[in-house]
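Report on the structure
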Amino acid sequence: MAYNHEKIEKKWQRTWEKLEIFKTKQNSSKPKFYCLDMFPYPSGDGLHVGHPRGYIATDIASHLYRRKGHNVLHPMGWDAFGLPAENYALKTKVRPRISIKKNVKTFTKQLKSLGFSYDWSREINTTDPEYYKWTQWMFLQLYKNGLAYRKEVPANFCPSCKTILANEQVVEGKCERCDTEVEQEKVEQWMFKITNYAESLLNDLDNLDWPDTTKAMQRNWIGRSEGTEINFSLGKENKLKVFTTRPDTLFGCTYLVIAPEHEIITELKSQILNLGQVKKYIKDSKKRSERERISETKIKTGVEIKGIKAINPVNNREIPIFVADYVLASYGTGAIMAVPAHDQRDFEFAKKYNLPIIEVIKSDRKPKLPEKAPLTVTGGGFQQAYEGKGILINSDRFNGLDSDTAKKRISEKLVKENTAKDTVYYKLRDWIISRQRYWGSPIPMVYCEQCGWQPVPEKELPVILPEIRDFKPTGKGDSPLAKSEKFIKAVCPKCGGRAKRETDTMDTFVCSSWYHFRYADPQNEKEFASKKNLKKWLPVDLYIGGAEHAVMHLLYSRFFCKVLYDLKFIGFQEPFLKLRHQGLILAAGGVKMSKSKGNVINPDDIVKDFGADTLRTYETFMGPFTDAIAWDTKGMIGVKRFLDKIYKFKSKIHNSSNSSLNRLVHKTIKKVTEDIQNFKFNTAISQLMILANEMDKQDQIPKNAYKVLLQLLSPFAPHLTEELWQEINQKQEIKIKDSIHSQKWLKYNPKLVLEETIQLVVQINGKVRDKIMVNAEITKKEAEDLAKTQEKVQKWLEGKEIRQIIFVPRKLINIVV
RNA sequence: GCCGCGGUGGUGAAAUUGGCAAACACGCUGGGUUUAGGACCCAGUGGGAGCAAUCCCUUGAGAGUUCGAGUCUCUCCCGCGGCACCA
């Protein structure tokens, strides 16, 4: 018979809340464990079955560590700024503050219905002025230390909506609202100098217990590359600096290419003979860039800058200079040395414009496939550049050297001659944090005609986000806030004169870059968190959330942490010591759950029909925690049967201690404890099922074994196990210490984990031929003798000579004949 | 193209890290029970041969190392995720 999950679950949720059993103890000498979920955006759709997968994992970990004697911080909050609320307001006229409030209420109710052990007294919301006051304060710290600055950068502009769009609002090169093709427009934006931290963001990854994939993504994103900056003389005084990772190919450099934005075009415009043509190309490429990026065909175009030549420093040859948009202004020096024989892009460009191709590297490996038509100085039948390493040719006195040695020698020579310098470049760009949106934290800056940009004094924070009615863009690329006269009007903090407030708001990722600090001290009015509390709780010991944040949130938070460390607010350089990503939960058939497909599973329905315990246990049992997995209601019924089975056991409990289950019980304690710590929840449940199946076979279940089963299952199914636990104990009034969730975590007896008698596998030449029951401590000699007496073994040994015997204690004996 | 992850029954998966492949669960088949069930109980369930004992084959493909490979090495194929004109 099924148990009444609705009644049981509500009852215990109320009791736990009344007892404040999961409230974090501030004054405790126990070691701390900070167990954190990535806080959700409270969307209008409510909780999705995918959300709890991660929350269940942190909840199980929190239960385990609490009961292993740790003081656990396990909080929840809301990342509630962001575009959806603003779009919703545009559509329905419901103000973001109102819709978000409603959504938070729904989310809270849903989370509470799952029985999570959060300390709700520490709940935070990024849209509360008490919270974003400190987001603004963070901005000011960055500004004061030269890490926040304003700069003109290209941004996405929709000519129809007349507004700047965030990257997320650009779908396949078009505006998500009106489908108009987006243009690149240069606009002044606030930026964070994350590039200052490229080196430590990269190096410190090594010591983090994070998924390799995530670390690899961050390394990739930061994109460190070592190379040489080489100065090419342009005759007279002028020089052009290029960056290359392949100085060994310098003899093969037959032209230079600069990005359209390169400043040398303006600097030397008087010398350029075809200035009109060059300017036209630059103008066209601006239009091209966005569309070209989308269309896969990357046709290389460019224009020679006539009237200026460069000198290749290794051989003093005069080479032409081109402007082409396949060279990016934002990477390296915005200029490259083109080596068409050994770079595919340069090769394509050279072919198109009929430029010389000089082969300088010969592959030193034998080709796997028949060799392609060889490269020649004159060009000809070959199709591809050879981009690998090899032996130098056509390189004067460097001929015969291998690429690596040549790299060093050539760069050494140039460094000595003062025409080059070894450097490191990163792909990482500074972080644009300005958003032309309403629903975000205001940027605490004012602009004074006399004094320029001035920070709002700290004591005037927060700059309150005003309530407005009209969320339509202004048409000038400003945030909707620009229409609020009252908001804009400000006093210059420096001269006291009239000033204008910044109307852009901050990227929501700024709000979520420091929230984990706030949980340590959520009500503090004087600091973002006190030094004492930061020291007590941070860094986060276990952090769980989606892999989609691998580079954005997780990189930004690391950046903030390093800044706050350098500014001496905190004493550690990494915010999240251990990180795991939950896998996606897909709809039946392995497709994404989506409203439009109508295949979304609502957790409320599952809780109502099967119970929170079933949902929690099923989501851990359905497969490996980090794998994407399809929802299967049938599979969940199996878990429900398992819980029902345990409920039924209560009629079979017996006081006498039957020891037949003893070894299995201890094995289960070991397996479940280790599995939880290793995020192998699915096999922890399997083991509990094995124990339950074994108990099911018994006529009477010893009380002690039953209590172990309940305790081990309690982090997964907290309500049912509490109910059954209290039925055994039959206390009139329940105190915190009586709860199953307050019981000390069980220890296993190492002696009882190993079986006394085991099945020894007998192999002949590696093939299993027999299995014999033996004492676990059997020696090699004994096992050999015993094996040889077996009929089946004898059959296989007949007339053969034994060459070798391999014995693995407790496992097998392999006779090689 | 580059980086990363993965490929095991009808399905989700497990395999003590080199030692019995398929635990646990779903589904299915047969039987029991029930007015009925998303109910419960029992038995079976990778493929092939055989009445059976038993034997052979099997972890994307192929090779290699080893007494022994799902696990390690190499080559290739396929799928997923991220980045992508980064010099």
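The structure contained in this document is the topic of the report that follows. Predicted model only: the values in this text are computed from it and were never measured.

Criteria and cut-off values
- Residues numbered from 1 in each chain as written.
- Chains lettered and ligands numbered in written order.
- Predicted model: local features only at pLDDT ≥ 70, side-chain atom pairs only at ≥ 80, totals over all residues.
- Heavy atoms only, no water.
- Pairing = 2+ DSSP bridges.
- Helix = DSSP H or I, 4+ residues; strand = E, 2+ residues; numbered from the N terminus.
- Phe/Tyr/Trp six-rings, centres within 6.5 Å; stacked < 30°, edge-to-face > 60°.
- Buried < 20%, exposed > 50% of the residue type's maximum accessible area, 1.4 Å probe, protein only.
- Lys NZ or Arg CZ within 6 Å of the ring centre and 35° of its normal.
- Expected span 1.5 Å × (residues − 1).
- Contact = heavy atoms within 4.5 Å.
- Polar contact = N/O pair within 3.5 Å; in protein donor to acceptor, adjacent residues only side chain to side chain.
- Core = buried A, V, L, I, M, F, W, Y, C linked by side-chain atoms within 4.5 Å.
- Near = heavy atom within 4 Å.
- Nonpolar A, V, L, I, M, F, W, Y, C, P; charged D, E, K, R; others polar.

Take the pairing of strand 32 (residues 757–764) next. Sheet analysis places strand 32 next to strand 33 (residues 767–775), joined by eight bridges and oriented antiparallel. Pairing of Ile764 across the sheet is with Lys767, part of strand 33. Pairing between strand 32 and strand 35 (residues 812–816): four bridges, direction parallel. Note that in strand 35 the partner of Ile764 across the bridge is Ile815.

Let us look at the packing of aromatic side chains. For the coordinates displayed, the defined rule picks out 51 aromatic pairs. Taking 3.6 Å as the distance between ring centres and 5° as the angle between the ring planes, the aromatic pair formed by Phe39 and Tyr515 counts as stacked. Of this pair, Phe39 sits in the loop between strand 1 (32–37) and helix 2 (50–67) while Tyr515 sits in helix 14 (residues 515–518), and the two are 476 residues apart along the sequence. Both residues of the pair, Phe39 and Tyr515, belong to the buried class. One aromatic cluster is present, formed by Phe139, Tyr143, Trp190, Phe192, Tyr197, Trp431, Tyr447, Trp453, Phe509, Tyr556, Phe559 and Phe560 through successive ring pairs. In this structure, Lys193 is placed above the aromatic ring of Tyr149, and the distance from its NZ or CZ to the ring centre is 5.1 Å. The positively charged end of Arg769 is found above the aromatic ring belonging to Trp796, 3.5 Å away from the centroid.

For the rest of this paragraph, the subject is helix 23 (residues 718–729). In this model, helix 23 (12 residues) spans 16 Å end to end at C-alpha, consistent with the 16 Å of a helix rising 1.5 Å per residue. For helix 23, the buried fraction is high: 10 of the 12 residues fall into the buried class. Contact partners of the buried residues in helix 23: helix 1 (5–19), helix 18 (612–621), helix 19 (633–648) and helix 22 (703–713). One or two positions beyond helix 23, positive phi appears at Gln730, with a value near 50°.

Turning our attention to the side chain of Arg122. Secondary-structure assignment places Arg122 in the loop between helix 4 (96–113) and strand 4 (124–125). Within polar-contact distance, the side chain of Arg122 engages the backbone oxygen of Ala520 at 3.4 Å. Apart from residues lying up to four places away in sequence, Arg122 is in contact with Thr24, Gln26, Leu73, Pro75, Met76, Tyr519, Ala520, Asp521, Pro522 and Trp537.

This part covers the nonpolar core. In this structure, Phe139, Phe192, Trp431, Phe517, Phe528 and Trp631 are the most contacted members of the largest nonpolar core, which totals 160 residues. Residues within four places of Trp431 in sequence aside, it is in contact with Trp190, Met191, Phe192, Ile194, Asp507, Phe509, Val510, Ser513, Tyr556, Phe559 and Phe560. Residues Val242, Ile282, Ile308 and Ala350 belong to the second largest nonpolar core, which totals 52 residues.

This part is about the protein's contact with RNA strand B. Neighbouring RNA strand B are 53 residues; Thr245, Arg345, Lys427, Met622 and Asn814 lie closest to it. Here, RNA strand B places atoms within 4 Å of the protein, and 64% of those atoms are sugar or phosphate. Asn814 has a polar side-chain atom sitting 2.3 Å from a base oxygen of RNA strand B. Here the surface near RNA strand B gets six residues from one element, more than from any other, and that element is helix 21 (residues 681–697). By residue class, the composition of the surface near RNA strand B is 23 nonpolar, 14 polar and 16 charged.

Right, let's get into unusual backbone geometry. Of the consecutive residues Leu461 and Pro462, the connecting peptide bond is found in the cis state with omega at 0°. Residue placement: Pro462 occurs in the loop between strand 22 (452–455) and helix 12 (485–488). You will see that Lys93, though not glycine, has its phi angle at about 70°, which is positive. What makes Lys93 exposed here is its relative accessible area of 67%. With a phi angle near 55°, Asn316 is a residue other than glycine that sits in the positive phi range. Locating Asn316 in the fold gives a position in the loop between strand 13 (303–312) and strand 14 (317–323).

Attention shifts here to the sheet that holds strand 19 (residues 431–432). Taking strand neighbours across the sheet as the criterion, the four strands line up as 6-5-9-19 in an open arrangement whose pairing is antiparallel. Two strands lie at the open edges of the sheet, namely strand 6 (163–165) and strand 19, each paired on one side alone.

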